[in-house]
Amino acid sequence: MILVTGGAGFIGSNFIIDWLNGDGEALVNLDKLTYAGNAENLAAFANDSRYRFVHGDINDRPLIEALLREHRPRAIVHFAAESHVDRSIHGPGEFVQTNVVGTFNLLEAARAWLSEASADEKSRFRFLHVSTDEVYGALGDTGKFSEATPYAPNSPYSASKAAVHHLTRILAKELAARRITVNAVAPGPFESKMMKATLEAFGDSIARSAPLGRIGRSDDMAGTAVFLASRAGSYVTGAVIPV
C-alpha cells in the first residue's frame, strides 16, 4: 500500500494510471480537488479494489495521521501543491501554506508514525516529493539544469518549492540511519494544460534547449516517480532529480 497526495492532478493521475496499469500495489489517493484536480481523470479505477480516493487536505494533520495508522503505507508519493506561477504572484499565501507548511505537516506526520512503526516498516518506507525545475530560475535559448545548479527561484511558487527541496535534503540525512529514503523530482517543461499557452508560443525554442530536444510528456515524469517509489529505487535518497 502507498499513499499518494494530489493524485487527481495532471502528473499525479498519470502516475496512478502507470502504477495501477503496471500491476502496482494498492494505493490511497488524497486530493483536495482544487482547480488543479479532477476526479474524472481516474474514473476508470472507481471499482478497482486497489484504489481508494479520499477527499482531503494535506494541512489536515488528524486526517493524515488517521490514514497512516489505518493503511500503514510503505511509501508516500507527494504531488499535492499550488502550481500556477501567475496565481502565486497574486496570492502567495496559499502557496506557502500548501507547498511549504503542508509538506512539512506531511513530513512530520510521517516521522511521528514511523517512530512507532515496526523495524520492517521503517526499513521499507519511502517518501517522494514531486517539485519543479523552476527552483533553478530561468534558462535562455541554450543550457540545462542539473542537481548542482544554484537555486534562483523567480516567483512565490518556485520559492515555495525550493524550500521543500531543502526539507527533503535535511530529512533524508536525518532518516538515513533508519534506512528511510526521501527524494524529490523536479519536472521541467512538459505537455500539460498549464503549459499549453506557453508551448504554443515558445514550444520550438523550449524543445531546442532541452537536452533530448523535445518537450517532456506526463509519462516521462510518472515513470521516474514510479521508480523512486518502488523497491528498485530503495538505494536512492536525498536526491533532487530534474526530469
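Residues numbered from 1 in each chain as written. Predicted model: local features only at pLDDT ≥ 70, side-chain atom pairs only at ≥ 80, totals over all residues. Heavy atoms only, no water.

J.: How should the side chain of S13 be read in this particular structure?
T.: In this structure, S13 sits in helix α1 (residues 10–21). On the basis of relative accessibility, which here comes to 4%, the residue S13 falls in the buried class. Among all residues touching S13, those that are not within four sequence positions of it are G7, A8, N41 and L42. (Helix = DSSP H or I, 4+ residues; strand = E, 2+ residues; numbered from the N terminus. Buried < 20%, exposed > 50% of the residue type's maximum accessible area, 1.4 Å probe, protein only. Contact = heavy atoms within 4.5 Å.)

J.: Could you clarify how one ought to interpret α1 in this entry?
T.: Residue pairs spaced three or four apart in an α-helix point in one direction, given the helix's 3.6 residues per turn. For α1, with 12 residues, the first-to-last C-alpha span of 17 Å sits near the 16 Å given by 1.5 Å per residue. Buried residues of α1: I11, G12, S13, N14, F15, I16, W19 and L20, and no others. Lining the buried residues of α1 we find β1 (2–5), β2 (27–31), β3 (51–55), β4 (75–78) and α8 (218–229). Following α1 by one or two positions, D23 adopts a phi angle in the positive range, close to 65°. (Expected span 1.5 Å × (residues − 1).)

J.: Teacher, can you tell me more about the sheet that holds strand β5 (residues 126–130) here?
T.: Strand pairing in a sheet takes place through backbone hydrogen bonds and is either antiparallel or parallel in direction. Strand order in the open sheet made by the 7 strands is β3-β2-β1-β4-β5-β6-β7, with parallel pairing throughout. Every interior strand has two partners, whereas the edge strands, β3 and β7 (240–242), have only one. For this sheet the average axis-to-axis angle between neighbouring strands, irrespective of direction, equals 15°. Sheet analysis places strand β6 (residues 181–186) next to β7, joined by 3 bridges and oriented parallel. Its bridge partner lying in β7, A186 is registered against P242. In this fold α8 packs onto β4, β5, β6 and β7, with an angle of close to 160° to the strand it touches most, β5. (Pairing = 2+ DSSP bridges. Axes fitted to C-alpha atoms, helices over the stretch in contact; angles between N-to-C directions.)

Take it as geometry only, folks, not as evidence of what the structure does.
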